[in-house]
Amino acid sequence: MIAGSMLSYEGKKRAVLLLIALGVAVWIAVDAAAGGAAHWSRVLARLPLLLTGSASGWPITGGFALNIILSIASMALATVLGTIMGLATLARFGPIWVPSLLLMNFLRNSPWLVLLFATLYFLPFEMHVFGTTIAFPPFVKAVIGLALPTAANFSEVIRGAVQSIHSGQWEAARSLGYGTGQIYRHVIMPQALRRMIPGWMNSYALLMIATALATVTGIQDVLTILNTLLAMENERVIVYFYLTILFLFIAYCYPIAVVARRLERAVKGESL
């Protein structure tokens, strides 16, 4: 009890993570000894296909690599939309901040899967604008469908970061004759940007996990390929394939969460 009480929160968290890792390692060893090694070998043989969509590992046509590309594209769009939406909710002009606030709350409280289906069926396959054909393949629809709720969440990160800047900064800038746009550009945003980064990284990690939902759009992501593979495998091996996908997402997202927490602690003590 005394030793447990002396451990800090970080120490307890590391101990729990160590126990989880040890438990997983023991389970894999026991399972391999019980005949699971043959099942893992089948997963290993299919791993290039799960990672890149190609049996040889190249070129990249889908798989987990496509999930990563999808997450990066969606986050880029969400960053732009979220920045506009976040700053719009901070506007003092009613016709700007009221619709922005309503849109932000609507997107934040809508199920991601429903938004994906909405973009899948509401957006046309192609659009003709002034003689130019703009195509909307499933990948583009998946990018938009995932970017919308992420943008709404990121807009709250921006609003919180901007509002965390002490009001004295605004007053000092106004006393120097700065306009609202100049205050945002030269005073507020440079300080708020540092505070946005941990929230931005957490949003990206959440978005990456949500890319598994994009299988409903028909893109050849890792789950779509996995569902095709499972039709050729026995029921026992299915568990090993799903565990592999789980480990892939954890291996990609957990380091992002760790770095985000460290950055959050680094900016936590900043003077407001």
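Residues numbered from 1 in each chain as written. Predicted model: local features only at pLDDT ≥ 70, side-chain atom pairs only at ≥ 80, totals over all residues. Heavy atoms only, no water.

Student: Would you mind showing me how to read the packing of aromatic side chains here?
Tutor: How two aromatic rings sit relative to each other is set out by the distance from centre to centre and by the angle between their planes. On inspection of all chains with the given rule, the structure shows seven aromatic pairs. Here the aromatic rings of Phe64 and Phe249 are separated by 5.2 Å at their centres, their planes lie at 90°, and the arrangement is edge-to-face. Taken together, the residues span a long stretch of sequence, with Phe64 in helix H3 (residues 63-89) and Phe249 in helix H10 (residues 235-268) at a distance of 185 residues. The class of Phe249 is buried, set by a relative accessible area of 11%. When the ring centre of Phe125 is taken as origin, the NZ or CZ atom of Lys141, which lies over that ring, is 4.3 Å away. (Phe/Tyr/Trp six-rings, centres within 6.5 Å; stacked < 30°, edge-to-face > 60°. Helix = DSSP H or I, 4+ residues; strand = E, 2+ residues; numbered from the N terminus. Buried < 20%, exposed > 50% of the residue type's maximum accessible area, 1.4 Å probe, protein only. Lys NZ or Arg CZ within 6 Å of the ring centre and 35° of its normal.)

Student: Honestly, the packing of helix H7 (residues 167-175) against helix H8 (residues 180-210) in this entry has me stumped. Any pointers?
Tutor: The packing of two helices is summarised by the inter-axis angle and the distance between the axes. The interhelical angle for the contact between H7 and H8, taken along N-to-C directions, is 155°, at an axis separation of 10 Å. Judged by the inter-axis angle, H7 sits roughly antiparallel to H8. When the axes of H7 and H8 are compared, the crossing they make is right-handed. Side by side, H7 and H8 meet where Gln169, Trp170, Ala173 and Arg174 of the first sit next to Ile183, Tyr184, Val187, Ile188 and Gln191 of the second. Here the contact of H7 with H8 is built from residues that sort into six nonpolar, two polar and one charged. (Axes fitted to C-alpha atoms, helices over the stretch in contact; angles between N-to-C directions. Parallel < 35°, antiparallel > 145°, perpendicular 65-115°, else oblique. Left-handed = near helix turned anticlockwise from the far one by under 90°. Contact = heavy atoms within 4.5 Å. Nonpolar A, V, L, I, M, F, W, Y, C, P; charged D, E, K, R; others polar.)

Student: For this particular structure, what's the right way to read H8?
Tutor: Residue pairs three or four apart in sequence face the same way in an α-helix, which turns once every 3.6 residues. Taking 1.5 Å of rise per residue, 31 residues should cover 45 Å, yet H8 covers just 37 Å from first to last C-alpha, more than 12% shy of that figure. At Ile188, H8 shows its largest bend, some 50°, and a proline, Pro190, comes one to four positions later. (Expected span 1.5 Å × (residues − 1). Bend = angle between axes of the 7 residues up to and from the residue.)

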